[in-house]
Structures are given as C-alpha cells and as structure tokens.
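Residue-level structure breakdown
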Amino acid sequence: MSSREAIRQRIEELRERIRYHDYRYYALDDPEISDAEYDQLFRELKELEKAHPEFASPDSPTARIGFPPLEAFETFEHPLPMLSLENAMDEGEMVEFHQRVLKLLGTSEPVVYTAEPKIDGLAVEILYENGRLVRAGTRGDGYRGEDVTPNVKTIRAIPWTLYAPPDGPPIPSAMTVRCEVYMNRRDFHALNRRREADGEPAFANPRNAAAGSLRQLDSSITAQRPLKAFCYGIGVLEGPVFETQWEILGALKLWGLPVNPLSRLCEGLEAALGYYRELEARRPELPYEVDGVVYKVNRLDWQRKLGEKTRSPRWAIAFKFRAHQAVTRVRDIQVQVGRTGVLTPVAHLEPVSLAGVVIRRATLHNMDEIERKDIRIGDEVVVQRAGDVIPEVVRPIVEKRDGSERPFEMPTRCPACGGSVVRLSGEAFHRCMNRNCPAQIEGAIRHFAGREAMNIEGLGKQIIHLLVERGMVTTPADLYRLTEADLLKLPGFAEKSARNLIQAIQKTRHPELASFLYALGIPLVGTYLATVLADRFKSFQALRSARYEDLTAVEGIGDKVADSIRRYFENEDNVRFIQALFDAGVRPKESAVDASLQAMDDFWKGKTVVLTGSLSSMTRDEATERLRKAGAHVASSVSGKTDVVVVGENPGSKLQKAKALGVAVMDEETFLKHLP
Ligand code: IVH
C-alpha cells in the first residue's frame, strides 16, 4: 500500500473513531476515553488534514462540530417501578384514606404526612452514581420509559454533579431521583406566542409543552425550552439511610436538587385538609400549574408496613383540585387578527360562571385544534379554567347535537381589512398578508406600548383603536409625533388627560435597551432573549451590526434566533421603521461599555475559565498567563463550575459542552476587550 493510501486510511479511521467518541460523549454521555485522549485523536486528525488538504472533507469531525441528534430513543428501564398514585376527589375520600392508614398501622400515635404540591408536568427518573448524573428516563408505563439523558441534562435545575454538604448526608454511591419536569405558565405562554409567530402549532397546556420539549431527539431544541423540575422522591438508594420522607426531601435539597419549597409536614387529617385549602387558594398566584396535593405517610417504616398495591402505594394519595369546569354553548366563532397577521379563532360563549369568574370567550388556538376537538358553532361544550386565567374549550357534548350546529370555516378574507388570508405550507396558522391591516397595526402598537416593552402608561386598547381607526397612527413611531391638540379631537379626552398621555409617551423616549429590543417585535425575541442580547451587545448599534457568528456565540442564541435577528435588521420595512423611531427622538439607553471595561480588572477575579480553539492574537500559554494574572482560574475541561469559555478558531468539543451546560461563551474579540 502506498504511504498516501495509508494516510488516507488513517484519516478515515480517525474520523470514524472521533465520531464514535462524540456519540459516546454527547448523545450517550458515556465516554470511553478521557478528554486528553480525545484531544489527542482530534489533534492528529487536524494535523493530517492540514498536511494533506486533498483529503479534506466537509463532514469530517474537524469541520463539523456538534453532534447529530438521536435517531430514536433508547429504552430506559426503571430499576424500581415508578408507581402511580391513587386519587381522592373529595374530602370524603381523604377521610377514607386516612382511616385505612390508621387501621392498617394499628397505631394510636398521630400519623404525620408530608404534603407536596402535585405539579402538572411529566415524571422523570434520574440516575446518579457517586453524585454524577448518569442517565435519565421518562416514566413511560412505570417499568420502561424513554432514555432522555441528553435532554434532561439541558435542564438547568438538574445538577450534573451533586453537591456534598460538609455536615449533610453522604452522597449515595447509587441513587435514582424522581422528579416532575414542568414549565411555568408564563414561559408556556411566551413559547406559544413564539411558536405562533413562527407558524408552529401552539401547545394546549404547560404539561404538553413540557412533555413535547423533553421528548425531542435533538437536545439542542430542548435546551431552548424553559424546562424546570421539582424532585420529590428516591427510587434506588445505596449509601445513606433515611427514616422519613421529610428527611429525604431535605437531603435532596442539600445535594443541590430542586425541591418544592411549598412542601409541608401535616400532623393528622385536619392539618392535611387545611394545607389543601390553603394551596388551592394560592393556586392562581403560583407560577406553575398544580393539580392537587400529594400526601405521603412521613415515616418510612410505616410506609413499608403499609406496602403497595399493584400500581400504587397504600401510603400515599393525590388529593386532586377540582378542575373548574362548566357546560355552556358556543354562540359563535370569530377570528382575531394579531400583530403578526396570525388569525386566531375565538369561541364566543353564552356567559357562564367558573370559580367566581364569568367566562364569555375562550381561545381555540387554530384550525387544527378546532378540527381535532370537532367544535362547531352552536355546540354545547365543556369549558375549563385549569388554574390558569385563560379558559379553554375541552370538548363538545356530541350527544346534545340536534343537527343545527355548523362547522367553522376560516375566512378567506381578513375580517379586519378584507385582505387575503393565506395558510403557508407547513404552518398551523392562517395569516392576513396585508401589512397595512389595521388589526396588525393595532396589535403592533399594543405590543410596542406594552408593559414589558416601552411601557407607555395610559395608552390602552381603546385609545390605540381610535388612533389607528382615524389614521392618526400607522406605526409606533407616529406616537411620538402626536400632540395634545391631536388627542383632543378624540372622544373622551380633556386637556389634562391629553397632556398626561403626551407626557407619558414622551417619557419613554429613552428606554432600556432590552425593553426597546422587545418592543421592536423581532420574531423569536421575547423578553428573556431581549435581556440576553442587551447584556451582551450593550448598544443598539452593536446588536444591529452583529454578524451571524457574533449572535450564535451568545449563550442561548441558536441558529434560528440568529437568523431571525439578521433577517429582521436586513428587512427594508424594518430599517425604515427603526429610522422613523430614531427620527422621532427615540434612543435606547446604552449600558456604559467604557465603564464596564474599566471594571475589567475585576472581571476575571475568581472566575473559572476554559480556553478552546486557537486564538489568533496570542498562544494558549500566553492567554492562560494573562488570565491567571487577572485573577482567573484556568481549567482544562468544561463543567458546571466553569464561568466562561473563551472560544478561538476551530473550537473543540468544549464549546459544545459549554453550550449544553449553559456556560457563558466569549469570542476572541470580546476576550481581548475584557483583558486588563
Ligand atoms: S409521588 C409512589 N410526589 O404525579 C409515589 N408524585 O401518579 C408516586 N407527581 O406522574 C409519585 N408531584 O410524577 C409524587 N410530590 C409528588 C408529585 C408526584 C407530581 C406526579 C408524578 C406522577 C403522578 C403520580
């Protein structure tokens, strides 16, 4: 064999091996070789490819960093079955449960229960070995679920390594932790708004959103979803011994796992029922959906004594909250046009009282949802408020139909402007394509003036409607040109109220950068990303001129978002819109870049930094030396303790790991700016 052929074969072999180890590391998180050995393979391949460019290949691991998504989930076998819970639907059933416990225990001592909010998400089991997160799987049928390890590792709340508190319980050599993965209501609504703007179908509720996000073959998608978790129990346990469920919850917390802070100990039935009433009253103010309370006999010896039935333990019960449901009739289905032109069908209902609130309307999301539930105009329907403020139509009562019900059809013309309505291929949504549609303009202005955007006080829906209807405002920039005299032409305005509103508008001419970015309504940029972008770029100009690579280098900004931001700033309408805002005197604040540079002396102090890839301005040793001098600790591998990863040319696997862990990533240019 010629030596050239031998080299080609070696290159191929290296690529294969690196791919395999990437898979072990990223997808399975089960590396067979150390980071150093991996780096050695990578370096050898890079050198050979450099010396023999004729063998270069676009799909070499050196050219393509990252890891292809899984093709299918593997099975996750639960070491101990994950049982489910029996439900109590009313206080009577709780009394029965308590009586049964007393009888089976045959004790005269009071029974203490833990009371834990039952979060409405999906159950996951996570295996930790010697404090390291090894594997995680969904509950599935209780015996077998799906292995979703890479996805669970993107959940910030879940530590990759348990924390060993000095005086706390020792870290178990093996342990499975059970938890509920969920999404906050607010995050759920924001996600749905983003999906809507993106033409993707909305999730019906936070539980579906959490489940859909966790069951992604591409964990980088999961990483962008705001998933959270609360741990509530242990399956397998080797090492420490506990006597009560309360101790277990305490230990989980000490080890750094999230435990619901609303959990309590309740002595006896009365206390347990009291907790239920209290939590039910607090339900609307909680950031997440709670569908009841889980009670567990606190003493583990008593739990063992009570034992289990086939599917559920005798020592625990879920006392469910009443779903606030009622029956009413769909009078009509009308269409609302949002600021992006998306048409949302809304059910207009015969007013019905649900848990003290009169419900008149409920969103039906989109055409697919209406067809899936088969909701027709005239139907009697079950409506529900699931702790949430937005009511939903659960299902039609088909038996009550008399043939007079009419299926809903999406209008072919926009109800607001008469413009044509289009459903783009692959989108769940119908859109009005007229950019000058008054409903879109109103929506855009409402968004712009909203509390989380420019926060223009006193500029409500009604006034916006009048301003748009009379053609006084066609873009948010027009607001800043309004005068008191203009407002006085509108019904309901007097001199004082006109002056107040003009002042309120003018007062917002120098918004925080994050609020301004959010106000622009860049697709996919919600309040959270707006803050991230403002923190990173500091000035509007810097963001506007950021290249695609500058954007994707920011933690939390993926390809899709970067693309959306670039496209937004390249679009001529948007350029004109921004110019109009600037012409009207709007100037977002810039955080003092210079001041932050002066503070650079302190920037690195105490930070753990990892370097990856080659820097063009200095050698790695030099960079390490300068960082050390500035007070940083330079580490060789990325972990949850890393504060910053500095990325040069051809970064290695560390960049991927940093992204997966949510560690801040800094490019060379920024790094140089930050060096003292
Ligand atoms: S204990 C044997 N505790 O409710 C005990 N479950 O059917 C089994 N859930 O999907 C579960 N919060 O994930 C327990 N504090 C809590 C819980 C909880 C939510 C979920 C659980 C499962 C369902 C039980």
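Cut-offs applied
- Residues numbered from 1 in each chain as written.
- Predicted model: local features only at pLDDT ≥ 70, side-chain atom pairs only at ≥ 80, totals over all residues.
- Heavy atoms only, no water.
- Pairing = 2+ DSSP bridges.
- Helix = DSSP H or I, 4+ residues; strand = E, 2+ residues; numbered from the N terminus.
- Axes fitted to C-alpha atoms, helices over the stretch in contact; angles between N-to-C directions.
- Contact = heavy atoms within 4.5 Å.
- 1 Å grid on protein atoms, 1.4 Å probe; cavity = no way out; pocket = protein on both sides within 12 Å on 5 of 7 lines; lining within 4 Å.
- Points joined across faces, edges and corners; volume = space filled by probe spheres on them.
- Nonpolar A, V, L, I, M, F, W, Y, C, P; charged D, E, K, R; others polar.
- Salt bridge = Lys/Arg side-chain N within 4 Å of Asp/Glu carboxyl O.
- Near = heavy atom within 4 Å.
- Polar contact = N/O pair within 3.5 Å; in protein donor to acceptor, adjacent residues only side chain to side chain.
- Sits in = over half its atoms within 2 Å of the grid points.
- Phe/Tyr/Trp six-rings, centres within 6.5 Å; stacked < 30°, edge-to-face > 60°.
- Lys NZ or Arg CZ within 6 Å of the ring centre and 35° of its normal.
- Core = buried A, V, L, I, M, F, W, Y, C linked by side-chain atoms within 4.5 Å.
- Buried < 20%, exposed > 50% of the residue type's maximum accessible area, 1.4 Å probe, protein only.
- Patch = residues over 30% accessible without salt bridge, like charges linked within 9 Å, V, L, I, M, F, W, Y side chains within 5 Å.
- Areas by Shrake-Rupley, 256 points an atom, 1.4 Å probe, with all protein chains shown as cover.
- Lys, Arg positive; Asp, Glu negative; His and termini not counted.
- Charge placed at Lys NZ, Arg CZ, Asp CG, Glu CD.
- Parallel < 35°, antiparallel > 145°, perpendicular 65-115°, else oblique.
- Disulfide = S-S within 2.5 Å.
- Expected span 1.5 Å × (residues − 1).

Attention now moves to the sheet that holds strand E23 (residues 644-647). Read from one edge to the other, the open sheet built from 4 strands follows the order E22-E21-E23-E24, with strand pairing classed as parallel. Of all the strands in the sheet, the pair left with one neighbour each is strand E22 (633-635) and strand E24 (664-667). Across the sheet, the mean angle separating the axes of adjacent strands is 30 degrees when strand polarity is ignored. Bridge count for strand E21 (residues 608-612) against E23 is 4 bridges, and the pairing is parallel. Note on E23: the bridge partner recorded for Val 609 is Val 644. On top of the sheet, helix H25 (residues 653-661) reaches E21, E23 and E24; it is set at about 140 degrees to E21, its chief contact.

There is about 1400 Å³ of room inside the second largest pocket. Lining the second largest pocket are 49 residues, and of these Leu 83, Arg 178, Tyr 232, Lys 296 and Trp 315 sit closest to its centre. Where the lining of the second largest pocket is concerned, the elements lending two or more residues are strand E3 (112-119), strand E4 (122-129), strand E7 (174-183), strand E8 (227-238), helix H8 (245-254), strand E10 (290-297), helix H10 (300-306) and strand E11 (316-320). Looking at which element gives the most residues to the lining of the second largest pocket, the answer is E8, with 7 residues. Considering only residue class, the lining of the second largest pocket consists of 25 nonpolar, 11 polar and 13 charged.

Turning our eyes to something else, we now look at the pattern of salt bridges. The final tally for this structure, using the stated rule, is 44 salt bridges. Of the charged contacts in the structure, one is a salt bridge between Arg 207 and Asp 120, with a shortest N-O distance of 2.9 Å. Remark: Asp 120 occurs in the loop between E3 and E4 and Arg 207 occurs in helix H6 (residues 206-214); sequence separation between them is 87 residues. Three or more residues are tied together by salt bridges with common partners; here these are Arg 10, Glu 13, Arg 17 and Glu 44.

Turning our attention to the site of the ligand. Inspection of the region around the ligand gives 14 residues, with Glu 116, Ala 123, Glu 180, Tyr 232 and Lys 296 positioned closest. Between the ligand and Tyr 232 there is a distance of 2.7 Å, counted from an oxygen atom to a side-chain nitrogen or oxygen. Here a nitrogen atom of the ligand sits 3.0 Å away from a polar atom, N or O, in the side chain of Lys 296. Here the ligand occupies the second largest pocket. Going through the elements one at a time, E3 and E10 are the ones with two or more residues in the shell around the ligand.

This part covers the packing of aromatic side chains. All chains considered together, the criterion is met by 16 aromatic pairs. For the ring pair Trp 604 and Phe 671, a centre distance of 5.9 Å and an interplane angle of 75 degrees mean the geometry is edge-to-face. You can see Trp 604 sitting in the loop between helix H23 (600-603) and E21 and its partner Phe 671 sitting in helix H26 (residues 668-674), a full 67 residues away along the chain. Each residue in the set Phe 516, Phe 540, Tyr 568, Phe 569 and Phe 582 is aromatic and connected to the rest through ring pairs, giving one cluster. Of note, Arg 299 hangs over the ring of Trp 302, and the distance from its end group to the ring centre comes to 3.9 Å. Directly above the ring of Phe 537 sits Arg 536, whose terminal nitrogen or CZ lies 4.7 Å from the centroid.

Here the focus is the nonpolar core. Counting 59 residues, the largest nonpolar core has Leu 479, Tyr 480 and Leu 520 as the members making the most contacts within it. Of all the elements in the fold, those that place two or more residues in this core are helix H12 (438-449), helix H13 (461-469), helix H15 (495-506), helix H16 (513-520), helix H17 (527-537), helix H18 (540-544), helix H20 (559-570) and helix H21 (572-583). Per element, the largest residue contribution to this core is 7 residues, and it comes from H16. Excluding its chain neighbours within four sequence positions, the residues that come into contact with Leu 479 are Ile 445, Phe 448, Ile 456, Leu 459, Leu 467, Val 473 and Ile 505. Of all hydrophobic cores here, the second largest spans 35 residues; its members include Tyr 128, Ile 158, Val 177 and Cys 179.

Think of a sheet as strands paired side by side through backbone hydrogen bonds, with each pair either parallel or antiparallel. Ordered by their spatial adjacency, 4 strands build an open sheet running E5-E4-E7-E8, and the pairing between neighbours is antiparallel. Of all strands in the sheet, those with a lone pairing partner are strand E5 (132-138) and E8, marking the two edges. Sheet twist, expressed as the average angle between the axes of neighbouring strands with direction ignored, equals 25 degrees. When E4 meets E7, the two strands line up antiparallel, connected through 8 bridges. Residue pairing across strands places Leu 122 opposite Val 181, the latter belonging to E7. In the packing of H6 onto the sheet, the strands contacted are E4, E5, E7 and E8, and the crossing angle to E7 comes to about 125 degrees. Most of the contacts of H8 go to E8, to which it runs at about 120 degrees, and overall it touches E7 and E8.

So, on to a positive patch on the surface. A surface patch of like charges, here positive, comprises Arg 43, Lys 46, Lys 50 and Arg 620. Considering each element in turn, the positive patch owes the most residues, 3 residues, to helix H2 (residues 35-51). Take Lys 46: it is sitting in helix H2.

One way to put it is that H20 packs onto H21 with a least axis distance of 5 Å and a crossing angle of 70 degrees. Classified by the interaxial angle, the pair formed by H20 and H21 is roughly perpendicular. Facing H20, whose interface residues are Tyr 568, Phe 569 and Glu 570, H21 presents Glu 572, Asn 574, Val 575, Phe 577 and Ile 578. Across the contact of H20 with H21, the residue classes tally to 5 nonpolar, 1 polar and 2 charged.

With respect to the helices and strands, the residue Ala 514 is situated in helix H16. When near neighbours in sequence (up to four residues on either side) are disregarded, Ala 514 contacts Ala 530, Thr 531 and Ala 534.

Positive phi outside glycine occurs at His 365, with the angle close to 70 degrees. Considering the arrangement of structural elements, one finds His 365 in the loop between strand E14 (357-363) and helix H11 (367-373). Residue His 365 is classed as buried on the basis of its relative accessible area of 18%. At Asn 650, a position not held by glycine, the phi torsion is positive, near 45 degrees. Its place among the elements puts Asn 650 in the loop between E23 and H25.

For the coordinates displayed, the defined rule picks out 0 disulfides. Free of any disulfide, Cys 414 has its nearest neighbouring cysteine sulfur in Cys 417, separated by 3.7 Å. Classification of Cys 414 as buried rests on a relative accessible area of 4%. The structure places no disulfide on Cys 417, whose sulfur is separated from the nearest cysteine sulfur, that of Cys 432, by 3.7 Å.

Moving on: H20. Taking 1.5 Å per residue, 12 residues should reach 16 Å; H20 reaches 16 Å between its end C-alpha atoms and fits that length. Turning to H20, its buried residues number three or more, namely Val 561, Ala 562, Ser 564, Ile 565, Arg 566, Tyr 568 and Phe 569. Buried residues belonging to H20 abut H16, H17, H18, helix H19 (548-552) and H21.

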